[in-house]
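Spelled out, the chains give:
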There are 2 protein chains.
Amino acid sequence: MLALVLDEGLDLISEYPRPTPGPEDALIRVRLAGVCSTDLEILRGYRQFRGVLGHEFVGTVVACDQGEWIGRRVVGDINIGCNECSLCQQGVYTHCRSRTAIGILGRDGALAEFLTLPLSNLLRVPDDVPDEAAVFTEPLAAALQVLGQVEVGPENRVAVIGDGKLGLLVAQVLATTGAEVTVIGRHPKKLALAAGWGLCTAQGLDSALRQSEPGTWDLVAECTGNPEGLAAGLELIRPLGTIVLKSTIHGLSSVDLNRVVVDEIRLVGSRCGPYGTALRWLQAGRVDVTSLIEARYPLAEGVRALEHAGRRGVLKVLVQP
Amino acid sequence: MLALVLDEGLDLISEYPRPTPGPEDALIRVRLAGVCSTDLEILRGYRQFRGVLGHEFVGTVVACDQGEWIGRRVVGDINIGCNECSLCQQGVYTHCRSRTAIGILGRDGALAEFLTLPLSNLLRVPDDVPDEAAVFTEPLAAALQVLGQVEVGPENRVAVIGDGKLGLLVAQVLATTGAEVTVIGRHPKKLALAAGWGLCTAQGLDSALRQSEPGTWDLVAECTGNPEGLAAGLELIRPLGTIVLKSTIHGLSSVDLNRVVVDEIRLVGSRCGPYGTALRWLQAGRVDVTSLIEARYPLAEGVRALEHAGRRGVLKVLVQP
């Protein structure tokens, strides 16, 4: 099959072996896949991943042992736990120490014609959710995770630092609580998108600090993907406030822990989220995902697609096998 | 009056002006004061404090406008808010942006014959709590703050990193929940103290990691006062676990934020705590504080007392005016 494979470099391989599903797996034909900033981090060496890249997808089940799944349009949880360790037993298989994750950790991903996933990872996509929306299930779930981790409501002032793909999803999700959400970013085009959703915007941290004093925001979501994001968050956050760390940042970061201690700030790491909720939200149109689509490439042009996705300021790039 | 004053250097001054209480203040004769690691940080330049050092004390009210306080033995909340800002209005005057704090921030401290504090900051010391216990009210309150910030109970495995004054208080406080508490430290003498209280101990991180796999502790309290403490905490903590940061660390620290995000770890800054609860606990003998007393100096030997407190491995040094 055709697959975008990271080995020494990133290559499109036309004769990559089609995966063979195990007894509890489904073979899924990928309908549409998305490129995530984590994919770009992986290209730079993050997690030393080798194999088929990609973890955002919508597909159709083409083979499995349970007939009712055949032909179903599905999305799927990207994490596969061992089902045996204490974390899996507690139901948090996303944190299983020997987990695999498609396109990230020990398992081929979605930037290919086919992938396999355990049937228990799959969710059916409602007919009225188009592929272009369903492909956002995984990143929207990651954004929704924040709501399960912090208390936020109409009385709160929230700053989302970073106007990238993830930041714009997180900002929309947080705004559904009625909180006053300000997106702090660098790109007028993306900030205009946020403004169009009724969110406040600030081009750069200094602009945000002109809108309100330092140390007055109740909640900050760090979505920049670079270590400066947390430093900016520490300027914004009020004493006893919470900073949610959404973006994975490679290597060590410099942090003013004294500020964290003296002002009793909480830093909350946040990763994958609830897929079922994300699908429901997509079906209900509670967030705008299609405006985030920047470009669409056939899989045959996958290398170009990744190059495009890696350019500064680019939003979601989709890839169609 | 006699006072230990930090200006260019630390000096004992015999003719330092006795403070004049305002209309809502009490003039307090210090009975006994304690030296805290924060005092040692301040000597190294932390917060650029100038004035009388010290914030741990028990004293006797000798002058104020409300007669019933005169002659009372008291301890006091070290933070004084403005009573006007939004944080003071919310009752969190300890985070008031224009707060003062005795011996730390814009206000003379307790390593002197007298100090002043607003009457509203004072708590009467029960007769059956001796000065040697009451002087621990402030640090014990700081340790107790953790219980208000995280959920911890008998089913949890807890690591306290750091066997100093604060670590040994935090460990005792956390152990009252029934959690299995391990103190990880460097000093056999201090670890023996913890073992005597029925706590688990480990000399060094490697020893702790031989007792249990990395990434399996539910809660870590970082009490080392140095940036390596958090790195050690990140080795110990399980996915979805919480690291409480108790010790103030000057300057920027290197932190593996990727681990925080991927394993959805919470970092919780923690500072001052509930004084009333601390006094009740001291009265009830719920924690052993007197074993933490290492030495006692007259105020006239205050400079020596601070030198002693600054030596490696030294626990609580008390100073008596």
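Analysis parameters
- Residues numbered from 1 in each chain as written.
- Chains lettered and ligands numbered in written order.
- Predicted model: local features only at pLDDT ≥ 70, side-chain atom pairs only at ≥ 80, totals over all residues.
- Heavy atoms only, no water.
- Helix = DSSP H or I, 4+ residues; strand = E, 2+ residues; numbered from the N terminus.
- Rg over C-alpha atoms; globule rule 2.2 N^0.38 Å.
- Buried < 20%, exposed > 50% of the residue type's maximum accessible area, 1.4 Å probe, protein only.
- Contact = heavy atoms within 4.5 Å.
- Areas by Shrake-Rupley, 256 points an atom, 1.4 Å probe, with all protein chains shown as cover.
- Lys, Arg positive; Asp, Glu negative; His and termini not counted.
- Charge placed at Lys NZ, Arg CZ, Asp CG, Glu CD.
- Pairing = 2+ DSSP bridges.
- Least-squares fit on C-alpha atoms with pLDDT ≥ 70 in both.
- Phe/Tyr/Trp six-rings, centres within 6.5 Å; stacked < 30°, edge-to-face > 60°.
- Lys NZ or Arg CZ within 6 Å of the ring centre and 35° of its normal.
- Arc of directions from axis to C-beta.
- Axes fitted to C-alpha atoms, helices over the stretch in contact; angles between N-to-C directions.
- Buried area = accessible area lost by both parts, 1.4 Å probe.
- Salt bridge = Lys/Arg side-chain N within 4 Å of Asp/Glu carboxyl O.
- Polar contact = N/O pair within 3.5 Å; in protein donor to acceptor, adjacent residues only side chain to side chain.
- Nonpolar A, V, L, I, M, F, W, Y, C, P; charged D, E, K, R; others polar.
- Parallel < 35°, antiparallel > 145°, perpendicular 65-115°, else oblique.

Novice: Help me understand the overall build of chain A, please; the structure alone is not making it clear to me.
Specialist: Scanning chain A from N- to C-terminus turns up eleven helices and 19 strands. Taking 321 residues into account, the globule formula puts the C-alpha radius of gyration at 20 Å, and chain A, at 20 Å, falls close to it. With the C-alpha coordinates of chain A rotated into their principal frame, the extents come out at 60 × 40 × 40 Å. Across the 321 residues of chain A, 60% fall into the buried class. Taking the contacts inside chain A whose residues are at least 6 apart along the sequence as the reference set, 65% of them involve residues at least 24 apart. A total of about 12,400 Å² of accessible surface is found on chain A, and carbon and sulfur atoms cover 47% of it. Averaging the coordinates of the 30 positive side-chain charges in chain A and doing the same for the 37 negative ones gives two points 2 Å apart.

Novice: Please clarify how the sheet that holds strand E4 (residues 51-52) of chain B should be interpreted in this entry.
Specialist: Sheet strands pair via backbone hydrogen bonds, and the direction of the pair is either parallel or antiparallel. Residues and elements named next belong to chain B. The antiparallel open sheet is built from three strands, whose spatial order is E2-E1-E4. Each edge of the sheet is formed by a strand with only one pairing partner; in this case those strands are strand E2 (10-13) and E4. Two elements, strand E1 (residues 3-6) and E2, share four bridges in a ladder whose sense is antiparallel. Pairing of Leu 6 across the sheet is with Leu 10, part of E2.

Novice: Just to check I follow, could you spell out the relation of the copies chain B and chain A for this structure?
Specialist: One copy of the chain maps onto the other through a rotation about an axis followed by a shift along the same axis. Rotating chain B by 180° about the axis while translating it 0.0 Å along that axis superimposes it on chain A, leaving an RMSD of 0.0 Å. Between the two chains, the operation in question is that of a two-fold axis. A high fraction, 100%, of the interface residues of chain B reappear at the interface in chain A, so the copies pair face to face through one surface.

Novice: Looking at this model, I keep getting lost on the packing of aromatic side chains. Mind explaining?
Specialist: By convention here, two paired aromatic rings are described through the distance between centres and the angle between planes. Residue and element names in this part refer to chain A. This structure, assessed with the given rule, holds zero aromatic pairs over all chains. In this structure, Arg 18 packs its charged tip against the face of Phe 114, placed 4.0 Å from the ring centre. Cation over ring: Arg 157 sits above Trp 217, and NZ or CZ is 4.5 Å from the ring centre.

Novice: Is there a simple way to think about helix H11 (residues 302-309) of chain B in this case?
Specialist: Residue and element names in this part refer to chain B. Every buried residue of H11 is listed here: Gly 302, Ala 305, Leu 306, His 308 and Ala 309. The buried residues of H11 occupy one face: seen down the axis, they fall within an arc of 160°. Along its buried surface, H11 packs onto E1, E2, helix H1 (37-43), strand E18 (293-298) and strand E19 (316-320).

Novice: Please explain the sheet that holds strand E11 (residues 157-161) of chain A as it appears in this structure.
Specialist: Reading across the sheet, the twelve strands line up as E13(A)-E12(A)-E11(A)-E14(A)-E15(A)-E17(A)-E17(B)-E15(B)-E14(B)-E11(B)-E12(B)-E13(B) and stay open at both edges, with mixed pairing between neighbours. Each edge of the sheet is formed by a strand with only one pairing partner; in this case those strands are strand E13 (200-203) of chain A together with strand E13 (200-203) of chain B. Along the sheet, successive strands turn relative to each other by an average axial angle of 20°, direction set aside. Relative to E13 of chain A, strand E12 (residues 180-185) of chain A runs parallel, the two being bridged by four bridges. Looking at the pairing, Thr 182 of chain A lines up with Cys 200 of chain A of E13 of chain A. Sheet strands in contact with helix H8 (residues 228-236) of chain B are strand E11 (157-161), strand E12 (180-185), strand E14 (217-222), strand E15 (237-245) and strand E17 (266-269) of chain B, and its direction is about 155° off that of E15 of chain B.

Novice: How should the environment of Val 268 of chain A be read in this particular structure?
Specialist: On the secondary structure map, Val 268 of chain A appears in strand E17 (residues 266-269). Look at Val 268 of chain A and you get buried, because its relative accessible area is 1%. In sequence terms Val 268 of chain A and Pro 214 of chain A are 54 residues apart; their C-alpha atoms lie 20 Å from each other. The residues touching Val 268 of chain A, leaving out its near neighbours within four places in the chain, are Gln 149, Thr 242, Ile 243, Val 244 and Leu 245 of chain A together with Ile 265 and Arg 266 of chain B.

Novice: When you look at the interface of chain B and chain A in this model, what are you seeing that I'm missing?
Specialist: By convention, interface size is frequently given as the accessible area that disappears when the constituent parts associate. In this complex, chain B contributes 41 residues to the contact, which on the side of chain A involves 41 residues. Summing the contributions of chain B and of chain A, the shared interface buries around 3,500 Å²; its carbon and sulfur component is 56%. When the buried surface of chain B facing chain A is broken down by residue, Leu 257, Val 261 and Glu 264 of chain B rank first, second and third, together holding 18% of it. Taken together, the connections running from chain B to chain A amount to zero salt bridges. Remark: the boundary between chain B and chain A carries 19 residue pairs in polar contact (both at pLDDT 80 or more). Mapped by element, the contributors of at least two residues to the side of chain B that touches chain A are helix H4 (137-149), E15, strand E16 (253-255), helix H9 (257-262) and E17 of chain B. Broken down by element, the side of chain B that touches chain A gets its largest block of residues, five residues, from H9 of chain B. Partitioning the side of chain B that touches chain A into residue classes produces 19 nonpolar, 13 polar and nine charged. The sheet contact formed by strand E16 (residues 253-255) of chain A and E16 of chain B spans three bridges and is antiparallel. From the neighbouring strand, Val 255 of chain A faces E16 of chain B, where its bridge partner is Ser 253 of chain B.

Novice: Whenever I open this one, the pattern of salt bridges confuses me. Can you help?
Specialist: Between side chains of opposite charge, pairing is possible as soon as their charged atoms come close. Residues and elements named next belong to chain B. Taken as a whole and judged by the stated rule, the model has 24 salt bridges over all chains. With a shortest N-O distance of 3.8 Å, Arg 50 and Asp 7 are connected by a salt bridge. Taken as a pair, Arg 50 in the loop between H1 and E4 and Asp 7 in the loop between E1 and E2 lie far apart in primary sequence, 43 residues in all. Exposure remark for Asp 7: the relative accessible area of 43% places this residue in the partly exposed category. Among the salt bridges present, the one from Lys 316 reaches Glu 56, with a minimum N-O distance of 2.8 Å.

Novice: How should the packing of H4 of chain B against helix H10 (residues 275-284) of chain B be read in this particular structure?
Specialist: Each pair of packed helices can be summarised by the angle the axes make with each other and by the distance between the axes. All names here are of chain B. H10 packs onto H4 with a crossing angle of 110° between their chain directions and a minimal axis gap of 8 Å. With respect to each other, H4 and H10 are oriented roughly perpendicular. Residues Thr 137, Glu 138, Leu 140, Ala 141, Leu 144 and Leu 147 of H4 form the contact with H10, whose participating residues are Tyr 275, Thr 277, Ala 278, Leu 279, Trp 281 and Leu 282. Of the residues assigned to the contact of H4 with H10, the class counts are nine nonpolar, two polar and one charged.

Novice: Whenever I open this one, the side chain of His 308 of chain B confuses me. Can you help?
Specialist: Inspection of the secondary structure puts His 308 of chain B in helix H11. In contact with His 308 of chain B, not counting residues within four places along its chain, are Glu 294, Ala 295, Tyr 297, Val 314 and Val 317 of chain B.

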